[in-house]
Amino acid sequence: VWGVYPSTITESTPDFTIQSDQTDDDNYKKSDLMFATELTNKKKGAPISLTFAHQLSKIIVKLDKETGVNANLTDAVIKLTQVSTKVPLTKVDHTGITLGTPSTNPQDISELIIGKYEATNGTAAIVIPQSTTGMSFKVELVGGGTYTASMPASTTDFVANKAYTFNLTLKANGINISAQIDPWTPGTDGTGDATLQ
């Protein structure tokens, strides 16, 4: 038994595209790509539990400011530039999903809107695994003013099933960035009926 999220993905789907604006939860969910498989010996009618693994990468951005910096962080918009939003699916079958090389077509390279400032947990977005060369963060403040900072040199690639946390601190002369990489926890288990055809 195997499953793919979203359910629109089939063995013949040529590619997958993430949303370039993931400010709202619906677009965030549309950007997730997950796969699960389970070799099982169950009686007919017994529920089957599948644990889905994330095929893409997650970035979490937390925003703060140095004492003395006169900037209102409320509703600040955080973006990541030069992101490829489309990737070929070279294989989708019972053994898993294989991604091709992310698109370099200019129409598929965009400024990813990660979301608005969130004081407690930060704001998050899903990205296709890819090189981070040329990427930079932008923080756009309400009422004007934009801070920019290059991707930290320690983060050279986004890797599948990894979560990257970036702490951006606004300073009088720019942004200070620290980064942390962790495994991305599996998707929520789900149960359902599978019918042999």
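Scroll up for the structure.
Predicted model only: the values in this text are computed from it and were never measured. (Residues numbered from 1 in each chain as written. Predicted model: local features only at pLDDT ≥ 70, side-chain atom pairs only at ≥ 80, totals over all residues. Heavy atoms only, no water.)

(A) Here's a closer look at the sheet that holds strand 8 (residues 86-93). Spatial strand order, 2-8-9: 3 strands in an open sheet with antiparallel pairing. One side of each edge strand has no neighbouring strand; the edge strands of this open sheet are strand 2 (15-17) and strand 9 (96-99). In this sheet, adjacent strand axes meet at a mean angle of 40° when their direction is disregarded. Strand direction decides the pairing type here: strand 8 and strand 9, joined by 4 bridges, are antiparallel. When the sheet's bridge partners are listed, K91 is paired in strand 9 with T98. (Pairing = 2+ DSSP bridges. Helix = DSSP H or I, 4+ residues; strand = E, 2+ residues; numbered from the N terminus. Axes fitted to C-alpha atoms, helices over the stretch in contact; angles between N-to-C directions.)

(B) Summary view of the side chain of T123. Along the chain, the position of T123 falls in strand 11 (residues 123-127). A polar atom in the side chain of T123 sits 3.4 Å from the backbone oxygen of I114. T123 has contacts with I59, I60, V61, I78, I114, G115, K116 and E118, leaving out every residue within four places of it along the chain. (Polar contact = N/O pair within 3.5 Å; in protein donor to acceptor, adjacent residues only side chain to side chain. Contact = heavy atoms within 4.5 Å.)

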